[in-house]
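# Structure at a glance
One-letter residues, chain by chain:
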Amino acid sequence: PAVTSLKLPRCGADFLVCSDGVWDALPAEAVLATVRGMMRSPVTLAASAIVESALNQRHAYDCDGYRRPRDDTTALLLRVRRSDEAEVLPAGGCLGCS
């Protein structure tokens, strides 16, 4: 595994980890545009939008045409903010969860 240490800017940072099923289907610029366009959305929605966008690419599916991805298609978005800017989570600890 590769490990990198970074000093976070005062405003915080977003960390995005995606499987090759995302990177093979979408250019990095499109993924970045999705993340930036959903800055005020819960991370679960932004990550889901990235996965859906990758799955909507025709070449991401098997030859049978079913919505069965040919490859693992996963996105994990971690949004790190200063504690005084963090959102207050509901009792369950998850935004957007029922």
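Just so we're clear, the structure is a prediction, and the values are computed from it rather than from any experiment.

What counts and how
- Residues numbered from 1 in each chain as written.
- Predicted model: local features only at pLDDT ≥ 70, side-chain atom pairs only at ≥ 80, totals over all residues.
- Heavy atoms only, no water.
- Helix = DSSP H or I, 4+ residues; strand = E, 2+ residues; numbered from the N terminus.
- Buried < 20%, exposed > 50% of the residue type's maximum accessible area, 1.4 Å probe, protein only.
- Contact = heavy atoms within 4.5 Å.
- Areas by Shrake-Rupley, 256 points an atom, 1.4 Å probe, with all protein chains shown as cover.
- Core = buried A, V, L, I, M, F, W, Y, C linked by side-chain atoms within 4.5 Å.
- Expected span 1.5 Å × (residues − 1).

## Structural notes on the overall build of the protein chain
A tally of regular secondary structure across the protein chain gives three helices and two strands. The order of helices and strands in the protein chain, counted from the N terminus, is β-α-α-α-β. In the protein chain, which comprises 98 residues, the share counted as buried stands at 24%. A separation threshold of at least 6 residues defines the contact pool for the protein chain, and within that pool the share at least 24 residues apart is 63%. Total accessible area on the protein chain stands at roughly 7,300 Å², and carbon and sulfur atoms take up 57% of it.

## Things to note about the nonpolar core
By size, the foremost hydrophobic cluster in this structure holds 15 residues, and its most contacted members are C18, V22, L26, V31, I50, A54 and A75. Contributing elements (two or more residues each) for this core: α2 (28–37), α3 (43–55) and β2 (75–80). No other element matches the six residues that α3 contributes to this core. Among residues more than four places away in sequence, those in contact with I50 are L16, C18, V22, L26, V31, T34, V35 and A75.

## Focus on α3
When the terminal C-alpha atoms of α3 are compared, their 18 Å separation across 13 residues agrees well with the 18 Å that a helix rising 1.5 Å per residue should span. By the burial criterion, the buried members of α3 are A46, A47, I50, V51, A54 and L55.

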